[in-house]
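Breakdown of the fold
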Amino acid sequence: MYVHHSSSGETWKLIGVCLIGGPVALLWGLGKLNQKRLLENTPTSKIRSAAMGLVELMGMARQRTPMQSPVTKQACCWWRCIVEELRSNGKNSHWATVKDVQSQDFFFIEDATGRVLIDPLGAEYHVLNITYELNASTRSMIGPVLNSWGLNDMTWFGGTRRLRLRELSIPEKAPLFVLGELINTGQQHIEDRQARFRERLQAVKFNPRQMSQADTNHDGQVDADEWDAFRNKLEEDFLREEMQRQSQNPNVELLLIRQPTEKPFIISTKGPDELGRAWAWQAPLGIAAGIALSGLGIWLALQQHWDPWIPLALLGGGFGAGFYFKLKGGSTSWVSFWR
């Protein structure tokens, strides 16, 4: 009814928001529902007794590399800073991301039975999150950080940019919950070692001088017995070199938690019960909003006598955007999309 009193541009914008935002909200809600079920069906393990594969661990965050969060300067295991600028477009304004930087170092989760490394790449974070507006009272704290990233709050014409900075962090010794894939990097180390030995053998085969050492009877040919004996000697020498190299770095951590291939990867300073309660209402809300927005968008498009392929294309774009932000990783991507 109201569409007939709207301008053409406003109608297009409203329908576009509904048909693109609806599928995004639907996929977001379904994702939260899947995470809630996975959380409920995955038992919490102790580090010492955790099996390889998808695991749920609770413990304490511990540094592997000493670091501080850029703004608050507190000891932390991981941090991410997102700088946003308020931009106006006619009557509308929105926060646009101008800088997004985060630490890449591994860190530990530790409980009473041991500790295990975490590769934070690709995780969805539910951690300490503080937003700072850039103004006279915060400039001394935020200004140097922005300058180190090549940013300032002045425009080309001498005006002031409206900036804010969001700092996410995992403080040292903070309670930590992790849902991810536990792997033994020692197996990967063995596979890498085997690959290096195969490369060495291949190089020897194409080196006439080295192959001549395998010809022990000097008849100009290397038979099977001579090659086996020579190969065994090469392998002994190679293993001796590997052991010497490993002895120079004896504290290599073998267990690692990383992003699963097709499952969620969650790192949180909140416990699983708190996360589950939040997802219990977020999931149905997202699903209901997605269905309602999509239905409204289709109805409005029909009222405007659009060709059917246009709303279908917009719905397809919405699903594509939803899958993109899901694959891009983490709740922050979804939040940035809706802002």
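To be clear, the structure that these remarks concern was listed above.
A brief structural summary.

About the cut-offs
- Residues numbered from 1 in each chain as written.
- Predicted model: local features only at pLDDT ≥ 70, side-chain atom pairs only at ≥ 80, totals over all residues.
- Heavy atoms only, no water.
- Helix = DSSP H or I, 4+ residues; strand = E, 2+ residues; numbered from the N terminus.
- Buried < 20%, exposed > 50% of the residue type's maximum accessible area, 1.4 Å probe, protein only.
- Contact = heavy atoms within 4.5 Å.
- Areas by Shrake-Rupley, 256 points an atom, 1.4 Å probe, with all protein chains shown as cover.
- Pairing = 2+ DSSP bridges.
- Phe/Tyr/Trp six-rings, centres within 6.5 Å; stacked < 30°, edge-to-face > 60°.
- Axes fitted to C-alpha atoms, helices over the stretch in contact; angles between N-to-C directions.
- Expected span 1.5 Å × (residues − 1).
- Bend = angle between axes of the 7 residues up to and from the residue.
- Polar contact = N/O pair within 3.5 Å; in protein donor to acceptor, adjacent residues only side chain to side chain.
- Disulfide = S-S within 2.5 Å.

Secondary structure summary: the chain contains eight helices and twelve strands in total. Considering the chain as a whole, with its 339 residues, one finds that 40% of them fall into the buried category. Long-range pairs, those at least 24 residues apart, make up 74% of the contacts in the chain between residues at least 6 apart in sequence. When the accessible surface of the chain is split by element, carbon and sulfur atoms take 56% of a total near 19800 Å².

Okay, helix α2 (residues 139-148) next. Among the residues of α2, I142, G143, V145 and L146 are the ones counted as buried. Looking at the buried side of α2, the elements it contacts are β3 (76-89), β8 (128-133) and β9 (163-171). Residue G150 follows α2 closely and has a positive phi angle near 75°.

Our focus in this paragraph is the pairing of strand β6 (residues 114-118). A regular strand carries its side chains on alternate faces of the sheet. In the sheet, strand β5 (residues 107-111) pairs with β6 via five bridges, with the strands oriented antiparallel. Each bridged residue has a counterpart across the sheet, and for D111 the counterpart in β6 is G114. Hairpin remark: β5 followed by β6, antiparallel, with two residues in the connecting loop. Examined bridge by bridge, β6 and strand β11 (residues 255-258) share two bridges and lie parallel to one another. Its bridge partner lying in β11, I118 is registered against I257.

Across all of its chains, the model carries three aromatic pairs by this definition. Plain terms: the ring middles of W12 and W306 are 4.4 Å apart, the flat faces sit at 35° to each other, and that makes the pair tilted. In this pair, W12 sits in helix α1 (residues 8-41) while W306 sits in the loop between α6 (272-303) and α7 (309-328), placing the two residues 294 residues apart along the sequence. The class for W306 is buried, based on a relative accessible area of 14%. Aromatic side chains W227 and F230 sit 6.2 Å apart centroid to centroid with 50° between the ring planes, which places their arrangement in the tilted category. Separated by three residues within a single helix, W227 and F230 lie in helix α5 (residues 224-247), roughly one turn from each other. W227 sits in the buried class, given a relative accessible area of 18%.

It is worth spelling out the sheet that holds β8 at this point. Spatially, four strands are ordered β4-β3-β9-β8 in an open sheet, and the strand pairing comes out antiparallel. Bordering the open sheet on either side are β4 (92-102) and β8, each of which pairs with just one other strand. Averaged over all neighbouring strand pairs, the angle between strand axes comes to 25°, with direction disregarded. Judged from the ten bridges that link them, β3 and β4 form a sheet pairing that is antiparallel. Counted as the bridge partner of R87 is H94 from β4. Relative to the sheet, α2 contacts β3, β8 and β9, its axis offset from that of β9 by approximately 90°.

Turning our attention to α6. Between its first and last C-alpha, α6 extends 46 Å over 32 residues, near the 46 Å set by a 1.5 Å rise per residue. A maximum bend of about 25° is found in α6 at W279. H305, located one to two residues past α6, shows a positive phi value of around 60°.

With that settled, the discussion passes to the environment of S137. Looking at where S137 falls in the secondary structure, it is placed in the loop between β8 and α2. In this structure S137 comes out as exposed when scored by relative accessible area, which is 63%. A polar atom in the side chain of S137 sits 2.7 Å from the side chain of N135.

This part takes up the state of the cysteines. Per the counting criterion, the structure on display carries zero disulfides. Here C76 is not disulfide-linked; the sulfur of C77 is the nearest cysteine sulfur, at 6.9 Å.

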